[in-house]
Each structure stands twice: as structure tokens, then as C-alpha cells.
Amino acid sequence: MGGLCAKESGKKTKKKDQIANASPPVEKFAKTSQSVDNKKEDSAEYKELLSNSGSQQISAQTFAFRELAAATKNFRADCFLGEGGFGKVYKGRLESSNQIVAIKQLDQNGLQGNREFLVEVLMLSLLHHPNLVNLIGYCADGDQRLLVYEYMPLGSLEDHLYDLSPQRKRLDWNMRMKIAAGAAKGLEYLHDKATPPVIYRDLKCSNILLGDGYHPKLSDFGLAKLAPVGDNTHVSTRVMGTYGYCAPEYAMTGQLTVKSDIYSFGVVLLELITGRRAIDNSRTAGEQNLVAWARPLFKDRRKFSQMADPMLQGQYPVRGLYQALAVAAMCVQEQPTMRPLIADVVTALNYLASQLHNPQIPPAQSTSRSVSFGTPPRMLKGKQGESDSQEKSLENSSVNQ
Ligand SMILES: Nc1ncnc2c1ncn2[C@@H]1O[C@H](COP(=O)(O)OP(=O)(O)OP(=O)(O)O)[C@@H](O)[C@H]1O
Ligand SMILES: [Mg+2]
């Protein structure tokens, strides 16, 4: 498993960062010699983004700093929503439109900040989907860099999975599958519908924001990359992202493909199923890294029920749990080519989200069909009439790690 990405999940680090100091010597050397290429890489990417934006409407508005200061009552503490690698996020009300927004203020000491700011503005101006957070506008006044997003009233998925306050409702199984399916649809848009395709690179629970009815949207595109086109199979780039979510091949070689996002998606799905953080240093050594903990358990169906989040209190469909674990296992496979395509993941999760579990029914009787403990986890059975080919492609993916 890659332990090379600099940020740790579950901890608020100040900067969204590169791997540099966590890299083995070989990797460090490779990074140093790549730094000129990286600048070229960035400027080529900006050009491509800008040339794409030329043909499409950039819908983001520009704001003066004073408008955003007024919206947040001068960035008052009671408007503070949270802080990530980019800077602090505040809730505000725009005086011009009365709209409630979330305003992210770039940490002015941020080294990567300006690049991320530009990429975020350009990417989000071009990408529009019901499962992507909407960028309303930005401010680039003097040294100030701020991003203005639609306000997501339920905060991040991370806030609903971990360290729950007593008044916060725990997420039930149906809600978890709905969130996973929605996040997968956002990723499908980036991989399969956007032109050129986009590699998200920063998929994790804190970047899945929740709207009314727990409608999920992906946020934070500052690390996103345009996917390779033509004969190129990958983009070589600095390794960035968040520890615990980075695909091992990307962490080791810097070779980025859409399959790196599939790995990160698998980690998020595992978090949703197990209620365990991608990295949790408070656990014993063998349980700190979620994927490393889960891999041996994937091989033994009798252990599947031990993987379910105890907060679910046994309220999940047994077959649904198996199938969701099968999808997660396929996504986090070491071999990127063995990981499924996002379209297949969407099909599988749409199916799982459609199988509503009735929490009134005790777990043992809750499946519509009797559960065969001999059913291998790779078998993902769709409803009658559902796409056979998609089902097969999931069945054919081995879950053996
Ligand atoms: N549009 C939004 N609406 C409501 N809350 C938001 C919005 N954007 C961010 N937040 C809140 O602010 C917190 C910090 O977000 P931010 O994206 O800066 O950090 P992060 O996701 O924890 O880390 P990273 O910088 O790696 O993305 C989020 O966890 C969320 O609770
Ligand atoms: Mg974020």
C-alpha cells in the first residue's frame, strides 16, 4: 500500500502537499529531476484548460474582497465551517443576491495554492453535473484568493461517519448506498462524460459534500488533472493527494490514470461500509490502514459481517453488504487494470441503492432472497433485465488480492 502521499486523512494538515519528505531516496531523485517538467506540465495543462474554456461559457462570477468580507461578517468565527489544506472555509450570505454560500479563503502562505486556485476555477467553470459542487465565483483581489461555492447544508461525509455529536443522526445503510451511488455518478461524469476526461485525484470522505436529503456532490478540484488522450496511457505527475486514499502504483511511480480514482473510490466505499477511517493511528498496528486491514478479510466470507460498521447495529441487508464489499474489493485491487470501470461501479451501486433495506426487519430476515454463504463476493447479481454485460464485467473481476 502506498504510504507516500503527504496528507493524512482524519487530520487537518495545513497544506495540501507533495510527497517529497515521505519519499524514498529514489523517488526524491526522480521528483527533483522532474521539477522543470512539472512546470511545463502545468503550463501545458493551463493552456489546454483555457483553450477548452474558450469554447464554453465560464459561468463563475468575480467578487471583490470587500463583498466576501461583508458576506462573512469579516470572516467572523461564528461563520467558520472548517479548514483543509487550502485554507479556511466560511459560511456567508452574498449581499447582492441574498444567496447563502461557502467561501474558501486561500492560505496566503500556500505554495501550491495559486496553481490549485487556477485549476479549481477553470475546472469547475467547465464541469457541470448534479453530483459536482457548483462554483459560484471567485475573488483574486491583490494577494487575496477566495472561492465561492454553493453552500452544502449537511457538510461533508466525513462529518457524518466519524466522531458524531450526540444530536447527529447516524447514517443508515440505505443512505450510505445512496451517497456511494451519487459520488460514483460524479466520478463517472469526470471520467466518461467530460471532454477531455478529468482525473479527480483527491477523492475522499471530506471532499464529498452533502446537500438536502444527503444528496452527495464532489468538491475540491484543485488537484484534478486532464486525463491522457490518444495513445498515452497515463499522465506522469507529482504525487499528490491524501495518505490512505492514494493508489499504490500512483504513490510509487507518479503514473496517474483514471484507475487511481477508482482505488480512492474503493477506499471511500470501504469507509462507508465499515465506519473506519482510511488511516486511523488510534488503532492497533494491523488495523491502522483500512485497505491493509480489509484485504485478508475479503478472502473469507464468514468475516464479512465483522466488517460492517458497528454503528449500523446489524441493520443492513446481508446480501447487500456482501455485494458492496465485493465492489469495494475490486476497486482497491493492487493491479490497476483489474479495477472496474466507473460505469460498472455506477451500475452496481445504483442497483444496491435501489434495494431499500427496511430497518424494522431483523437483519437475518432482511434480504429478499435467502443468502447463500457459498455465493462468492465477486458475484454481483443485478435485477432481472439489467445489463448482463455490466454484471459480467464485475463478476469477471477477481476480488482475490
Ligand atoms: N461548499 C461547502 N458547503 C458547506 N461546507 C463546506 C463547503 N466546502 C467545504 N465545507 C466545509 O469545510 C470543511 C473544510 O473543507 P476543505 O475542502 O477546505 O478541507 P478538506 O476537504 O477537509 O481537506 P482538503 O483541503 O484536502 O480538501 C469541509 O470538511 C466542510 O465541512
Ligand atoms: Mg475538501
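About the criteria used
- Residue numbers run consecutively from 1 along every chain, following the written order of its sequence.
- Just so you know, chain letters begin at A and ligand numbers begin at 1, following the order they were written in.
- Residues qualify for local features only when their pLDDT is at least 70, as the model is predicted, and side-chain atom pairs are given and counted only at 80 or more; totals for whole chains, interfaces and linings, by contrast, use all residues.
- UniProt positions are given in the numbering used here, feature names are shortened, and annotations may be inferred rather than shown by experiment.
- Think of it this way: any DSSP run of H or I at least four residues long counts as a helix, any run of E at least two long counts as a strand, and we number them from the N terminus.
- Once C-beta atoms are placed from the backbone, any two residues with those atoms within 7 Å are in contact.
- The criterion for a residue being near a molecule or strand is a backbone-placed C-beta atom within 6 Å of that molecule or strand.
- Under the convention adopted here, Pro, Cys and the residues Ala, Val, Leu, Ile, Met, Phe, Trp and Tyr are nonpolar, Asp, Glu, Lys and Arg are charged, and Gly plus all remaining residues are polar.
- Source of the domain bounds: an automatic or database domain assignment.
- The span expected for a helix works out to 1.5 Å for each residue beyond the first.
- Put plainly, a residue is buried at 20 or more neighbouring C-beta atoms within 10 Å of its own, exposed at 12 or fewer, and partly exposed in between, counting only other residues' C-beta atoms, which are placed from the backbone.
- Axes here mean lines fitted to C-alpha atoms, for a helix over just the part in contact, with angles spanning 0 to 180 degrees between N-to-C directions.
- Each angle gets one of four labels, with under 35 degrees taken as roughly parallel, over 145 as roughly antiparallel, 65 to 115 as roughly perpendicular, and the rest as oblique.
- When the near helix sits turned anticlockwise from the far one by under a right angle, the crossing is termed left-handed; a clockwise turn instead gives a right-handed crossing.
- At least two bridges found by DSSP between two strands are what make those strands a pair.

- In the annotation of an unreviewed UniProt entry, the entry for the protein reads non-specific serine/threonine protein kinase, and the organism field reads Dendrobium catenatum.
- In its Subcellular location (unreviewed entry) section, the UniProt record describing the protein reads: "Cell membrane".

**Observations regarding the overall build of the protein**
- Looking only at helices and strands, the protein has 12 helices and 14 strands in total.
- Taking the intrachain contacts of the protein between residues at least 6 apart in sequence as the baseline, contacts between residues at least 24 apart amount to 69%.

**Digging into the site of ligand 1**
- Neighbouring residues of ligand 1: 22 residues in total, closest G82, G84, G85, A102 and S206.
- Those elements giving two or more residues to the shell around ligand 1 turn out to be β3 (80-83) and β5 (100-106).
- Broken down by element, the residue count for the shell around ligand 1 peaks at 3 residues, all from β3.
- For the shell around ligand 1, the class distribution of residues is 9 nonpolar, 8 polar and 5 charged.
- Taken together, domain 1 (16-150) and domain 2 (157-393) each give at least three residues to the shell around ligand 1, which thus spans both.

**Points about helix α5 (residues 173-193)**
- Along its 21 residues, α5 runs 29 Å from first to last C-alpha, staying within 8% of the 30 Å computed at 1.5 Å per residue.
- Counted residue by residue, α5 has 18 buried out of 21 residues, so it is predominantly covered.

**Some words on unusual backbone geometry**
- A cis amide bond links T195 with the next residue in sequence, P196, at an omega value of -10°.
- Position of P196 among the secondary structure elements: in the loop between α5 and β8 (198-199).
- A positive phi angle is found at R201, which is not glycine, with a value near 75°.
- Positionally, R201 belongs in the loop between β8 and β9 (208-210).

**Brief notes about the packing of α5 against helix α11 (residues 342-354)**
- Close contact between α5 and α11 brings their axes to 9 Å; oriented N to C, the two are set at 160°. Judged by the angle between their axes, α5 and α11 are roughly antiparallel. Note that α5 runs across α11; the crossing there is left-handed. In this structure, α5 contributes M177, K178, A180, A181, A184, K185, L187, E188, H191 and D192 to the contact, and α11 contributes I342, A343, V345, V346, L349, N350, L352 and A353.
- Across the contact of α5 with α11, the residue classes break down as 12 nonpolar, 2 polar and 4 charged.

**Points about the UniProt feature "binding site: ATP" (unreviewed entry) in the protein**
- If you check UniProt for "binding site: ATP" (unreviewed entry), the listed places come out as K104 in our numbering.
- Tracing the chain through its elements places K104 in strand β5.
- Not counting residues up to four positions away in its chain, the partners in contact with K104 are F86, G87, V89, L146 and L147.

**A look at the packing of helix α7 (residues 258-274) against helix α10 (residues 318-331)**
- Taken N-terminus to C-terminus, the directions of α7 and α10 make an angle of 150°; their axes are 7 Å apart at the nearest point. The pairing of α7 with α10 is recorded here as roughly antiparallel in orientation. Where α7 crosses over α10, the two elements pack in a sense that is left-handed. Residues I262, Y263, F265, G266, L269, L270 and I273 of α7 pack against A324, L325, V327, A328 and C331 of α10.

**Some thoughts on the environment of G85**
- Structurally, G85 can be placed in the loop between β3 and β4 (87-93).
- By the C-beta count within 10 Å, which is 24 here, G85 ends up buried.

**Overview of the sheet that holds β3**
- The strand order across the open sheet built from 6 strands is β2-β6-β7-β5-β4-β3, with neighbouring strands paired in mixed fashion. Each having just a single partner strand, β2 (61-62) and β3 make up the two edges of the open sheet.
- As defined by bridge partners, strand β6 (residues 135-141) adjoins strand β7 (residues 144-150) across 6 bridges and the pair is classed as antiparallel. Following the sheet pairing, D141 is matched in β7 by Q144.

**Quick notes on the pairing of β5**
- The buried count for β5 comes to 6 of 7 residues, which makes it a mostly enclosed element.
- Counting the residues in the hairpin turn of β4 and β5 gives 6 residues, including N98, whose phi is positive at 70°.
- Sheet topology places β5 next to β7; 5 bridges connect them, and they run antiparallel. Pairing of V101 across the sheet is with E150, part of β7.

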